[in-house]
Amino acid sequence: MTPIRFSSSSLREGHWYEYVIRFALGGTATVFTGLVSSRYGASIGGLFLALPAIFCASATLIEKHEVRRKRQTALAGERRGQEAAALDAAGAALGALGLLVFAIAFSSLVEGSVPAAFSGALFAWLIVSVAAWYARRKWRSVRLARNAEKDDGTAISRCRRS
Amino acid sequence: MTEYVVRFLVGGVVVSAFAMLGDVVRPKSFAGLYGAAPSVALATLGIAVYHHGAGYAATQSHSMMAGAIALSVYSVLVCQLLVRTRLRAAPATLLSLVVWLIVAFGVWALAGGQA
């Protein structure tokens, strides 16, 4: 199983304007949520706290970086770029479970203590997201091992028959 | 006006920080967790507590649960679109926003949401 590690290579690959775009998108999404809340109420505004506005930009950037990396080695990287963005989306689906637990923890703690609500909700998000990611990896590696075993078994019986 | 400038700056900083964290962690599926990080939520809820109090932030985070369920559906859909239909990332993520809106408002209405 691939271990979790840090690599600063993506930061070197990024252009300055990509960071500006992310900053602007993050700021705009936060302002938009505030505007929706003040116009339609806190309840509808709350929905937009999980708006995937930033995800659109991140997935596009990941795809672009992967395509660029492949082109440097004179290969067409479109498919590789789509796969990298798909992997990011698979991770985001698990992260969304963490986000759900963040919201549950925050709403149950905030009226008691604001600092406890923020720290507890963040901690819950981290634990649930990482646990969901780890469980999925474990499940996938078990499934792959079973499939490989099954393939070996079929190959052996085919050899015996021939 | 000042409130919205503060919102823009705080939102930009928090979102950029989470996005950079997502950039430096590997493998890619783990980095994807940061695509669903509570970045906009942290900035918005912080400002909500400061300006309107804990009750207002509690209401927002209550509705956020429906948004998070929709985000999970949205991410699975984007993943499937990229793998099966071979759409590029930009159209896949933008088209799926319609599904996010439908699921978010659907779950919110089913849970008895009131504006």
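In case you missed it, the structure is sitting above this.
Since the structure is predicted, the reported quantities are computational estimates derived from the model, not experimental observations. Residue indices follow the written sequence of each chain, beginning from 1 at its first position. Just so you know, chain letters begin at A and ligand numbers begin at 1, following the order they were written in. Side-chain atom pairs in this predicted model are given and counted only at pLDDT of 80 or more, local residue features only at pLDDT of at least 70, and totals for whole chains, interfaces and linings cover all residues. The basis for every side-chain value is the complete set of heavy atoms in the structure, and neither hydrogens nor water enter the calculation.

Focus: the packing of helix H2 (residues 16-40) of chain A against helix H3 (residues 39-52) of chain B
Applied cut-off: Axis definition: a line fitted to C-alpha atoms, limited for helices to the stretch in contact. Angles are taken between N-to-C directions and run from 0 to 180 degrees. Here a helix means four or more residues in a row that DSSP labels H or I, a strand means two or more in a row labelled E, and each is numbered from the N terminus. Each angle is binned into one of four classes, with values under 35 degrees roughly parallel, values over 145 roughly antiparallel, values of 65 to 115 roughly perpendicular, and all other values oblique. For any pair of crossing helices, the crossing counts as left-handed if the nearer helix is rotated counterclockwise from the farther one by less than a right angle, and right-handed if it is rotated clockwise. Residue contacts are defined here by distance: any two heavy atoms, one from each residue, within 4.5 Å place the two residues in contact. When residue character is reported, Ala, Val, Leu, Ile, Met, Phe, Trp, Tyr, Cys and Pro are called nonpolar, Asp, Glu, Lys and Arg charged, and the others, Gly included, polar.
Orientation of H2 of chain A relative to H3 of chain B, taken along the N-to-C sense of each, is 50°, at an axis distance of 10 Å. Judged by the angle between their axes, H2 of chain A and H3 of chain B are oblique. Crossing angle aside, the handedness with which H2 of chain A passes H3 of chain B is right-handed. On H3 of chain B, the residues touching Ala29, Thr30 and Thr33 of chain A of H2 of chain A are Val40, Ala43 and Thr44 of chain B. In the contact of H2 of chain A with H3 of chain B, the residues fall into three nonpolar, three polar and no charged.

Thoughts on the packing of H2 of chain A against helix H1 (residues 2-24) of chain B
Running from N to C, H2 of chain A and H1 of chain B cross one another at 130°; their axes reach a closest spacing of 7 Å. Between H2 of chain A and H1 of chain B, the crossing angle belongs to the class labelled oblique. The interaxial crossing formed by H2 of chain A with H1 of chain B has right-handed handedness. Contacts from Tyr19, Arg22, Phe23, Ala24, Gly26, Gly27, Thr28, Thr30, Val31, Gly34, Leu35 and Ser38 of chain A in H2 of chain A reach Tyr4, Arg7, Phe8, Leu9, Gly11, Gly12, Val13, Val15, Ser16, Ala19, Met20 and Asp23 of chain B in H1 of chain B.

Looking at H3 of chain B
Residues and elements named next belong to chain B. Let me state the cut-off plainly: One less than the number of residues in a helix, times 1.5 Å, gives the span that helix is expected to have. Exposure categories follow from relative accessible area, calculated using a 1.4 Å probe and restricted to protein chains: below 20% of the type maximum is buried, above 50% is exposed, and the middle band is partly exposed.
Between its first and last C-alpha atoms H3 spans 20 Å; for 14 residues at 1.5 Å apiece the expected length is 20 Å, and the two agree. Burial within H3 is extensive, with ten of its 14 residues counted as buried. In the stretch just after H3, glycine 53 is the one whose phi turns positive, near 100°.

Let's talk about unusual backbone geometry
The step from arginine 26 of chain B to proline 27 of chain B runs through a cis peptide bond, and the omega angle for that step is -5°. The topology assignment puts proline 27 of chain B in the loop between strand S1 (25-26) and helix H2 (28-31).

Here's the deal with the pattern of salt bridges
Note on pairing: side chains with opposite charge can pair once their charged atoms come close. The following threshold applies: We define a salt bridge as a contact between a side-chain nitrogen of Lys or Arg and a carboxyl oxygen of Asp or Glu at a distance within 4 Å.
Under the definition given, this model contains four salt bridges over all chains. In this structure, arginine 88 of chain B and glutamate 63 of chain A form a salt bridge, with 3.1 Å as the shortest nitrogen-oxygen distance. Of this pair, arginine 88 of chain B sits in the loop between helix H4 (54-85) and helix H5 (89-110) while glutamate 63 of chain A is found in helix H4 (residues 53-72), placing the two residues in two different chains. Arginine 88 of chain B gets classed as partly exposed once you look at its relative accessible area, which sits at 37%. In this structure, arginine 7 of chain B and glutamate 3 of chain B form a salt bridge, with 3.1 Å as the shortest nitrogen-oxygen distance. Of this pair, arginine 7 of chain B and glutamate 3 of chain B both sit in helix H1, four residues apart, roughly one helical turn. Residue class for arginine 7 of chain B comes out buried when judged on its relative accessible area of 4%. Using a relative accessible area of 24% as the deciding quantity, one classes glutamate 3 of chain B as partly exposed.

Focus: the interface of chain A and chain B
Short version of the rule: Two parts lose some accessible area (1.4 Å probe) when they are put together, and adding that loss for both gives the buried area. By the convention used here, strands pair only if DSSP detects at least 2 bridges between them.
With 79 residues of chain A at the contact, the number on the chain B side is 76 residues. When chain A packs against chain B, the two sides together hide about 6,900 Å² of surface, and 74% of this comes from carbon and sulfur. Its largest share of buried area at the contact with chain B, chain A owes to Phe23, Leu47 and Leu49 of chain A, together 10% of the area lost on that side. Residue aspartate 23 of chain B is joined to arginine 22 of chain A by a salt bridge in which the shortest nitrogen-to-oxygen separation is 2.8 Å. Broken down by secondary-structure element, the contributors of at least two residues to the side of chain A that touches chain B are strand S1 (5-6), helix H1 (9-13), H2, helix H3 (42-47), H4, helix H5 (78-109) and helix H6 (114-161) of chain A. Sorting elements by how many residues they give to the side of chain A that touches chain B places H5 of chain A first, with 24 residues. Taken together, the residues of the side of chain A that touches chain B sort by class into 48 nonpolar, 21 polar and ten charged. The pairing of S1 of chain A with S1 of chain B spans two bridges and is classified as antiparallel. Counterpart to phenylalanine 6 of chain A in the pairing with S1 of chain B is valine 25 of chain B.

Here we look at the side chain of glutamate 18 of chain A
Examined against the element boundaries, glutamate 18 of chain A turns out to sit in helix H2. Those residues within four positions of glutamate 18 of chain A in sequence are excluded, and the remaining contacts are Leu61, Lys64, His65 and Arg68 of chain A.

Looking at the packing of aromatic side chains
Note the cut-off: The aromatic pairing rule takes the rings of Phe, Tyr and Trp, using the six-membered ring of Trp, and pairs them if the centres are within 6.5 Å, calling planes under 30 degrees apart stacked, those over 60 edge-to-face and the rest tilted. Consider the ring centre and the ring normal. A charge sits over the ring if Lys NZ or Arg CZ is within 6 Å of that centre and within 35 degrees of that normal.
Taken as a whole, this structure holds 13 aromatic pairs over all chains when the rule is applied. Both rings, one in tryptophan 125 of chain A and one in phenylalanine 18 of chain B, keep their centres 5.9 Å apart while their planes meet at 85°; by these two values the pair is edge-to-face. Separated into two different chains, tryptophan 125 of chain A in helix H6 and phenylalanine 18 of chain B in helix H1 make up a pair that spans both. Look at tryptophan 125 of chain A and you get buried, because its relative accessible area is 4%. Through successive ring pairs, a cluster of aromatic residues spans Phe32 and Phe48 of chain A together with Trp100, Phe105 and Trp108 of chain B. The positively charged end of arginine 39 of chain A is found above the aromatic ring belonging to tyrosine 40 of chain A, 5.1 Å away from the centroid.

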